[in-house]
Amino acid sequence: MKVSSPSSFPDGQQVRISDTFEDRLYDLKKPVRLCLAATIGGAAPANPGLHVTCYNAVRAADEPKHRKRIGAVRPAGLFGDLELDTRVENELCLPASIEPPASARTQL
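All values reported here derive from a predicted model rather than from experimental measurement. (Residues numbered from 1 in each chain as written. Predicted model: local features only at pLDDT ≥ 70, side-chain atom pairs only at ≥ 80, totals over all residues. Heavy atoms only, no water.)

**A closer look at the overall build of the chain**
Helices and strands together make up the secondary structure of the chain, namely 1 helix and 6 strands. Going residue by residue from the N terminus, the α and β elements of the chain occur as β-β-β-β-β-β-α. Every one of the 108 residues in the chain was classed for burial, and the buried ones make up 22%. Summarising the internal contacts of the chain: among those between residues at least 6 apart in sequence, 58% fall at separations of at least 24. Counting only carbon and sulfur atoms, one obtains 54% of the accessible surface of the chain, whose full area is about 8,200 Å². (Helix = DSSP H or I, 4+ residues; strand = E, 2+ residues; numbered from the N terminus. Buried < 20%, exposed > 50% of the residue type's maximum accessible area, 1.4 Å probe, protein only. Contact = heavy atoms within 4.5 Å. Areas by Shrake-Rupley, 256 points an atom, 1.4 Å probe, with all protein chains shown as cover.)

**Observations regarding the packing of aromatic side chains**
This model, assessed by the stated rule, comprises 1 aromatic pair. Note on phenylalanine 9 and tyrosine 55: the rings are 5.8 Å apart at their centroids and 35° apart in plane angle, and the pair reads as tilted. Here phenylalanine 9, found in the segment before strand 1 (14-18), pairs with tyrosine 55, found in strand 3 (residues 51-59); they are 46 residues apart in sequence, far enough to count as distant. Looking at tyrosine 55, the relative accessible area reads 17%, which means it is buried. (Phe/Tyr/Trp six-rings, centres within 6.5 Å; stacked < 30°, edge-to-face > 60°.)

**Focus: the state of the cysteines**
One pass over the full model with this rule turns up 1 disulfide. Each disulfide pairs two cysteine sulfurs, and for cysteine 54 the partner residue is cysteine 93, the sulfurs being separated by 1.9 Å. Measuring the twist about the S-S bond at about 105°, one finds the cysteine 54-cysteine 93 disulfide to be right-handed. Of the two residues, cysteine 54 is situated in strand 3 and cysteine 93 in strand 6 (residues 91-96); the sequence distance between them amounts to 39 residues. A relative accessible area of 1% means that cysteine 54 is categorised as buried. Unpaired in this structure, cysteine 35 has its nearest cysteine sulfur neighbour in cysteine 54, at a distance of 4.4 Å. (Disulfide = S-S within 2.5 Å.)

Structure below.
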């Protein structure tokens, strides 16, 4: 789901990401998307507590450009086996915890 960004998202937020493809420092911009664990066809989510918040992201100054990879990402899932290419980084999704507002917590 798309989210409305807080007007006061702090400038200068950086995160170093190391994965199969690269080890790189990114400048994070405002949050743009929240992805929540969900059911598919009534089945329980495999990881019900796994949520992510996605941010606009750009590589930090002096970091090397992303090297395109063709067919390097192969997710398997509900829609069958896919083969995806990497082109350019523009969004970074990080684990998120979801907590109800304080008013909802007091009602529990």
